[in-house]
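Single-letter residue listing:
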Amino acid sequence: MTLLMAIVEATPSPAPVPGAGIFTSPFLLSLLIWIPVIVATAIAFMPNPRGRYEVLIKQIAFFTNLGMMAVLFIAYNQFENFLPTMQYEEKIPWLPGIGVTYHLGVDGPGLLMLMLSGLIGIASVLGSLGVRERVRSYFCLLLLAQASVNGAIVARDMFVLLVFWGASVVPLALLIIGWGGPRRVAAAWRLVGYWGLGTAALAIGVLALYAASGGQSFDMDVLLKASLSPRIQIAISVVMIIAAATRLPLFPFHGWIRDVLSEAPPGVTVVVAGAASRLGAFLLLRTVIGAEPAAGHLLSPLLAALAAMTVGFAGLAALRSVDVRHAASYLAMVPGGITVLGLAAISPLGIAGSVLSMFTGGLAAALIAGVCATLAERAQSRSLLVLSGLAPRMPNVAWLLTIAALALLGVPILSSYTAEVMTFFGAFKNQPIGAFAVAAGLAVSAIALAVLLRRVLLGAPNTDAPGVSDASLGETWFLGLLAGALLWVGLFPGGPKIPGTDVPLFDPGLLNQMSAGISDIASQYAAPTPPAAQ
Amino acid sequence: MATFVLALSSVRTRRSASATAMFGTVVTLLLTLLVGWGLAKRSTPFEAAYHYFTMSVAFNGPANFQTFGIDLILRADHLTVAALVAIEVCFIGAIAWHQVMGRSEPGAARFHAVLTALLFACVGVLLSRDLAALFGFWAIGGALTYMLLAHRWGLDAAASRSRVALALPFLTDLCLLCGIAWLYARYGTQNLNTLLPILHTNPGWTVRSLVVASVLLFLGVAGRLALWPFTAWITQTTITAPPAASAIAQSAWSVLAIVLLYRVMPIFVASNQQTLQALLAVCAVAAVVAPLLGLIGNEPRRVIALAGSGVAAIAAAVVISGFRNSSTTFAVAGVACVLAMAPARAAAWFAISSIANAMRTDDLADMGDAWRRMRASSTALLASTIVLGLAATGALTFGVTSRSKLGIALGEAALLIALAALRLFVATAFGPLRRRRAFEPDRVREVAPGARSSPYWLALAGAAFLIASLIAGWLNFLDGQKHPAPAVAAVAVWAAAAIIGFAVCALVYARAKDGALRASAVAGAWLGRGVSAIFAVVDRFLVAPTTGIARLLGDWIPEGDGALGRFATASGQLALASARAPALPLLIVLAVVLAVAVALFAPGVAR
């Protein structure tokens, strides 16, 4: 018997996971929503004469996010992945007259999205350390945005979901108007217009669902389990698809992404691209794929077509862009297309791949948008006609941009590889044409990335370009955090184990935790066993 | 991997980076030989499995589809060991050559780190039995190959040419991924050990699904094997990539791709005969066209790339033919052919690069007299081109009959390969070396001793593999089956095809070297114009309209939003104005408008 085996056998079984028994709370999910709101309110009323406490405000925001991440990590470790039901549930009557309850809960996909939101939160604060003007207002709005995203993820009541869904628009729009680039007003209005349309569509869908299911309750356990006729399912699903398509975004509802991601400051870019936009795919998973199987089957070709058009358009548009932030904005659409392909696959593996793709795609989109925003700031130019040969002078940015490109393409070692393999493997059975089309779109995106890398990083330096400087420590950290998360999950999708054993080290494995609840959703789409071959 | 980490983290000088990479590669070779020695005492291959992840995705449905997992299933058999030895020998030669000739290349630590990481990826591809894990290593190798070929970051030409080295193989790699995904979608497994036995027994299998999978897998293999027309990712980077990078990219990938082809052949066989016939035809066409294109144009490294592509196509044809006719009997001869070709190709690459570097030109027409001025490099070039020309002899001897259509086509290909290969030696070794602007022929010297030996040793390794490929015992060793010894007449026939090619080349170039080179230059210029014209047509009628539509959409949608916004603003202003307007005039105006509308639209009112 080896020494390692002796240690394992000496360990009491089951092995205690980090955080077990240390911290529990019946309002764990509420903490993730309301602590940022409380801190934001405190910051808003905090005196800040002549900017004296700006550093303190940034520290408060950072440690708030760090604290939430610590709470999330404990919740992640304590999460019981063998249970198909919601966990950490909270249910308080809110508007009983119309059947609204303050109902929160997470399953595997929800936990995944929370982890994504937590990572993005920390990254966004680190990416915002360079903000100098109206610091108090900025971080107040940033925390409110994070709170609304968390609320939308954990909501188990459609009314509550609608509230948080709509609430996320306001702080983000204000952040863009207040701290964005030259075309910030247009960008903010675009965001309000498209996401407002999506919110309106969601409202119509929720109300239709409410009416069709008897008008008693907005709770998801009632609405999403109601037996509806296929026609009503389709109508509601179409509206939900519109809502999701404006948020993710999917072609042709992508009009906001170019301006928003290119005009927003880096910290806001990361929140929009990484967490807020993933809510679109999350909505599709919950309300269409998870709840309306008949509509899911019928509309899956439409979803596959949208996915293929999104990925193809993103690659082509990025190829033609002469602005580095525009190119990054278009490329940030690619992971969304792959996520939707997985949902369109309506197969268990495709759905599982799509859920993982929400996490990895969010990180990849945030990374490409964030690194190009940083590059444009540091190089003092956004024009691809001016930027050239920056790799020797900006090695940190060069490596991060390369990792972002590899993450978008799904190169192994990064977690997007696992997600894309699962998505493609799951999609080929039911949507082979869509899968081929997305693969072709990925090839175009690869060319676009190669052109982008070649123009910006490689080649001879442009002597007429403004002076450049490499990313600062904060910028390296916030981008490195995103890249590190991609690498970690890519190397240990099932969590690191003590060598030679199956005992988890300190991470139970994202794939293991996210599987809770997926089997229930996916089992509706499991193919029947074909007759045995003659 | 350890060497990669070391090279990336701690080495600072070019020499230490090179030494670290060499150390790691040599250790890997010794370990490979150790595994080979261990295999000699066993009848079964070594197998080991490491769990990457497993995930439960459904509670019902076919059992194969209820869980999904990727495991690292490693299998080392004789074929794996031989392929690894061939690749590692190429790596060692490349590092040794680059130590001397790559002094002016930037980023030594980066180069050697990527090189050792590529070796890691090659080992992973050869050992993996799980297709998803294999694709993982394959994709890593692809990304690293691009980084090697685009190594010269400061040059515009290098950056733009290396785009093809990313895009084209990526496209074929996606086909490989699609093929693996297609197989998984039908069979619920991507492990070759469990997949191959159930190809015809899994419920719901169809011939169509196997045909689609076969085509996709073949496309994936053909891209990395650089079969024509997928040669562009090598020929476009011949001048712009470091020679060591190009040599490794061609040699290593040809071995990896042919081994993968050999391993997935049972899937092709399980489809139908028509598919195999079609793939054979494709290989035969590629085998003939590639060396033919190598005769056009005077860029020497392009000639080697295309000649090697021809040999690879012959090897692929032999592998497919071997499985088509009598189940794995002679298919492994195709693999043995590539094992011989890979080191020879690298050797020729290094030798011609040394000569081209010394003569400061990449045009065969400007080269000459190397036999007198650079005897060692010329000799190495001669040896390697002879091995390259004869590399396919063993495969053809064992696998193809000379009386068949396939035999005639592949024989023609072998002749063209020999012709193209020896052309390099004859054009560079003999004839005058003319004075050019800023070039003095008398200053041409042999390369440093450290760079002279690599091509020799590689050519020797290639020759050893070539001789082995003619021996039945070697094939017995590779695939563990019994093969009858080849007939001497068969060997003579196929060797004669190559020798005729050599003889024709020697004759033509001896009589009219300048004329031949001029003709190939003109043909090359015409070919270049033709290719440019085709690219221009594709760009004009496909790429530009598509990207133009994308650009228009990208502009039209924001303009549409803007118009909607202006309309909303205008209607809001109108509403505001009407709210402020006095009520009576407004009512009168509204009444008039309504009356006119009713008059226009209601029937019988305005008569």
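Along every chain, residues carry numbers that run from 1 in the direction the sequence is written. To read the labels, note that chains go from A and ligands from 1, taken in the order they are written. Note on the predicted model: pLDDT of at least 70 is required for a residue's local features to be given, and 80 or more for side-chain atom pairs to be given and counted; whole-chain, interface and lining totals, by contrast, use all residues. In computing side-chain properties, one takes all heavy atoms of the structure into account and sets aside hydrogens as well as water.

(A) Structural view of the overall build of chain B. Looking only at helices and strands, chain B has 21 helices and two strands in total. When a residue's accessible area, from a 1.4 Å probe over protein chains only, is under 20% of the maximum for its type it is buried; when over 50% it is exposed; and in between it is partly exposed. Evaluated residue by residue, chain B yields a buried proportion of 56% over its 607 residues. Of the contacts made within chain B by residues no fewer than 6 positions apart, 81% connect residues no fewer than 24 positions apart. When the accessible surface of chain B is totalled, it reaches about 24,500 Å², and 69% of it is carbon and sulfur. Helix and strand definitions follow DSSP, with helices as H or I runs of at least four residues and strands as E runs of at least two, each counted in order from the N terminus. Contacts were defined at the residue level, with two residues in contact if any of their heavy atoms lie within 4.5 Å. Throughout, the Shrake-Rupley method with a 1.4 Å probe supplies accessible areas, and for residues the shown protein chains are the sole cover considered.

(B) Here's a closer look at the overall build of chain A. What chain A contains, in helices and strands, is 23 helices and two strands. Throughout, the radius of gyration refers to the C-alpha atoms, and the reference size of a globule is 2.2 Å times the residue count to the power 0.38. Radius of gyration (C-alpha) of chain A: 23 Å, near the 24 Å computed for a compact globule of 534 residues. Principal axes of the C-alpha set define a box for chain A whose edges measure 70 × 65 × 60 Å. Within chain A, the proportion of its 534 residues that are buried is 63%.

(C) Examining the pairing of strand 1 (residues 87-95) of chain A more closely. Residues and elements named next belong to chain A. Strand direction decides the pairing type here: strand 1 and strand 2 (residues 100-106), joined by six bridges, are antiparallel. Bridge pairing in strand 2 links Leu95 to Val100. Any two strands between which DSSP finds at least two bridges are classified as paired. Here strand 1 folds back onto strand 2 in antiparallel fashion, the turn holding four residues, of which Gly99 has a positive phi close to 80°.

(D) Main features of the side chain of Thr287 of chain A. All names here are of chain A. Mapped onto the elements of the fold, Thr287 is located in helix 13 (residues 279-289). A polar contact of 2.6 Å, which involves the side chain of Thr287, links it to the backbone oxygen of Leu283. The residues contacting Thr287, other than those within four sequence positions of it, are Met158, Leu224, Met240 and Glu292. As used in this structure description, the phrase polar contact means that two N or O atoms lie within 3.5 Å; if the pair is within protein, one of them must be able to donate a hydrogen and the other to accept it, and residues adjacent in sequence are counted only when both atoms belong to side chains.

(E) Layout of the side chain of Ser246 of chain B. Residue and element names in this part refer to chain B. As for its placement among the helices and strands, Ser246 is situated in helix 10 (residues 243-271). For Ser246, a relative accessible area of 2% corresponds to the buried category. When residues no more than four places from it in sequence are discounted, the contact partners of Ser246 are Leu149, Thr237, Ala241 and Trp349.

(F) Highlighting the confidence of the model for chain B. Of the residues in chain B, 96% reach a pLDDT of 70 or more, and the chain-wide mean stands at 86. The complex prediction reports pTM at 0.83, with the ipTM value standing at 0.76. Predictor confidence is given residue by residue as pLDDT, running from a minimum of 0 to a maximum of 100.

(G) Seen up close, the packing of helix 7 (residues 169-179) of chain A against helix 8 (residues 184-212) of chain A. Residue and element names in this part refer to chain A. Axis definition: a line fitted to C-alpha atoms, limited for helices to the stretch in contact. Angles are taken between N-to-C directions and run from 0 to 180 degrees. Contact geometry for helix 7 and helix 8: axes closest at 8 Å, N-to-C directions at 170°. By the angle class used here, helix 7 and helix 8 are roughly antiparallel. Handedness of the crossing formed by helix 7 with helix 8: right-handed. Counted together, Val169, Leu172, Ala173, Ile176 and Ile177 of helix 7 and Arg184, Ala187, Ala188, Leu191, Val192, Trp195 and Thr199 of helix 8 form the full contact between these two elements. Split by residue class, the contact of helix 7 with helix 8 holds 10 nonpolar, one polar and one charged. An angle counts as roughly parallel when it lies under 35 degrees, as roughly antiparallel when it exceeds 145, as roughly perpendicular when it falls between 65 and 115, and as oblique in every other case. Crossings are assigned a handedness: left-handed for a near helix turned anticlockwise from the far helix by less than a right angle, right-handed for a clockwise turn. Residues are grouped as follows: nonpolar covers Ala, Val, Leu, Ile, Met, Phe, Trp, Tyr, Cys and Pro; charged covers Asp, Glu, Lys and Arg; every other residue, Gly included, is treated as polar.

(H) Expanded view of the interface of chain A and chain B. With 64 residues of chain A at the interface, the matching set in chain B holds 62 residues. By definition, a salt bridge exists where a carboxyl oxygen of Asp or Glu is found within 4 Å of a side-chain nitrogen of Lys or Arg. For the interface between chain A and chain B, the tally reads zero salt bridges. With 10 residues, the single largest contributor to the side of chain A that touches chain B is helix 20 (residues 432-456) of chain A. Residue classes in the side of chain A that touches chain B are distributed as 47 nonpolar, 11 polar and six charged.

(I) Here's a closer look at the packing of helix 6 (residues 158-167) of chain A against helix 13 of chain A. Residue and element names in this part refer to chain A. Two elements in contact, helix 6 and helix 13, have axes whose closest approach is 13 Å; the angle formed by their N-to-C orientations is 165°. Classed by the angle they form, the pair helix 6 and helix 13 counts as roughly antiparallel. Like other packed secondary-structure pairs, helix 6 and helix 13 cross with a definite hand, here left-handed. Facing helix 6, whose interface residues are Met158, Leu161 and Trp165, helix 13 presents Leu279, Gly280, Leu283 and Thr287. A class-by-class count of the residues in the contact of helix 6 with helix 13 yields five nonpolar, two polar and no charged.

(J) Focus on the layout of surface pockets. A volume near 2,000 Å³ is recorded for the largest pocket. Definitions used for this entry: grid spacing 1 Å over protein atoms alone; cavity, a set of points where a 1.4 Å probe fits but cannot get out; pocket, an open set with protein on both sides within 12 Å along at least 5 of 7 lines; lining residue, one with an atom within 4 Å of a point. If you trace the largest pocket, you find 49 residues lining it, with Val164, Ala232, Gln236, Val531 and Phe535 of chain B closest to the centre. At the level of secondary structure, the elements contributing two or more residues to the lining of the largest pocket comprise helix 14 (293-320) and helix 20 of chain A together with helix 6 (156-187), helix 9 (232-235), helix 12 (300-326) and helix 20 (488-580) of chain B. Residue contributions to the lining of the largest pocket peak at 16 residues, all from helix 20 of chain B. Grid points are joined across faces, edges and corners, and a volume is the space filled by probe spheres set on the points.

(K) Geometry of the packing of aromatic side chains. All names here are of chain B. In this analysis, rings of Phe, Tyr and Trp, with Trp reduced to its six-membered ring, are considered paired at centre separations within 6.5 Å, and the interplanar angle assigns stacked below 30 degrees, edge-to-face beyond 60, and tilted for intermediate values. Tallying each qualifying case throughout the model produces 30 aromatic pairs over all chains. Their ring planes at 90° and their centres at 5.3 Å tell us that Phe68 and Tyr184 sit as a pair that is edge-to-face. One end of the pair, Phe68, is in strand 2 (residues 67-76); the other, Tyr184, is in helix 6, with 116 residues separating them in the sequence. Among the residues examined, Phe68 registers a relative accessible area of 2% and is labelled buried. Of the residues examined, Tyr184 reaches a relative accessible area of 3% and is grouped as buried. A ring pair is formed by Tyr262 and Phe323, whose centres lie 5.6 Å apart and whose planes are at 65°; its orientation type is edge-to-face. Taken together, the positions of Tyr262 in helix 10 and Phe323 in helix 12 put the pair 61 residues apart, joining distant regions of the chain. Among the residues examined, Phe323 registers a relative accessible area of 7% and is labelled buried. By definition here, charges over rings are those cases where NZ of Lys or CZ of Arg is within 6 Å of the ring centre and within 35 degrees of the ring normal. One residue, Arg224, lies across the ring of Trp233, its end atom 5.3 Å from the ring centre. Residue placement shows Arg224 over the ring face of Trp253; its charged tip is 4.3 Å from the ring centre.

(L) Region of the structure containing the pattern of salt bridges. Residues and elements named next belong to chain A. Scanning all chains against the criterion turns up 20 salt bridges over all chains. The closest approach of N and O atoms between Arg183 and Asp259, which form a salt bridge, is 3.1 Å. Taken together, the residues Arg183 in the loop between helix 7 and helix 8 and Asp259 in helix 11 (residues 257-263) connect sequence positions 76 residues apart. Judged by relative accessible area, which is 41%, Arg183 ranks as partly exposed.

(M) Region of the structure containing helix 13 (residues 332-359) of chain B. Residues and elements named next belong to chain B. A helix is expected to span 1.5 Å for every residue after the first. Taking 1.5 Å of rise per residue, 28 residues should cover 40 Å, and helix 13 covers 41 Å from first to last C-alpha, within 8% of that figure. By the criterion of burial, helix 13 is predominantly enclosed, with 27 of the 28 residues buried. Arg360 occupies a position one or two residues after helix 13 and carries a positive phi of about 55°.

(N) Layout of the nonpolar core. Here, nonpolar core means buried Ala, Val, Leu, Ile, Met, Phe, Trp, Tyr and Cys residues that are tied together by side-chain atoms lying within 4.5 Å of each other. Formed by 414 residues in total, the largest nonpolar core has its most connected members in Leu172, Phe424 and Phe425 of chain A together with Ile258, Phe268 and Ile314 of chain B. When residues of this core are assigned to their parent elements, the largest contribution, 22 residues, is made by helix 13 of chain B. If sequence neighbours within four positions are ignored, Phe268 of chain B has contacts with Ser214, Leu217, Phe218, Leu261, Leu276 and Leu279 of chain B.

(O) The environment of Phe170 of chain B, seen in detail. Topologically, Phe170 of chain B is positioned in helix 6. For the pair Phe170 of chain B and Val488 of chain B, spaced 318 residues apart in the sequence, the C-alpha separation amounts to 43 Å.

(P) The environment of Gly108 of chain A, seen in detail. All names here are of chain A. With respect to the secondary-structure elements, Gly108 resides in helix 4 (residues 108-127). Gly108 sits in the buried class, given a relative accessible area of 0%. Separated by 149 residues in sequence, Gly108 and Ile257 have C-alpha atoms that sit 28 Å apart. Look past the residues within four positions of Gly108 in its chain and what remains in contact with it is Phe79, Gln513, Met514 and Ala516.

(Q) Local environment of the pairing of strand 2 of chain A. Within strand 2 of chain A, seven of the seven residues are buried, which leaves it mostly tucked inside the rest of the structure. Burial along strand 2 of chain A is two-sided: Val100, Tyr102, Leu104 and Val106 of chain A and Thr101, His103 and Gly105 of chain A, pointing in opposite directions, are all buried.

(R) Local environment of a nonpolar patch on the surface. The patches reported here contain residues having more than 30% relative accessible area and no salt bridge. Joining distances are 9 Å for like charges and 5 Å for nonpolar side chains (Val, Leu, Ile, Met, Phe, Trp, Tyr). Side chains of Phe73, Ile413, Leu487, Trp488, Leu491, Phe492, Leu505 and Phe506 of chain A sit close together on the surface and give an oily, nonpolar patch of about 650 Å² of accessible area. Note on placement: Leu505 of chain A falls in the loop between helix 21 (473-491) and helix 22 (510-514).

(S) A look at the environment of Ala109 of chain B. Residue and element names in this part refer to chain B. Counting through the fold element by element, Ala109 comes out in helix 4 (residues 108-127). Residue classification places Ala109 among the partly exposed positions, given a relative accessible area of 23%. It is 50 Å that separates the C-alpha atoms of Ala109 and His200, two residues lying 91 residues apart in sequence.

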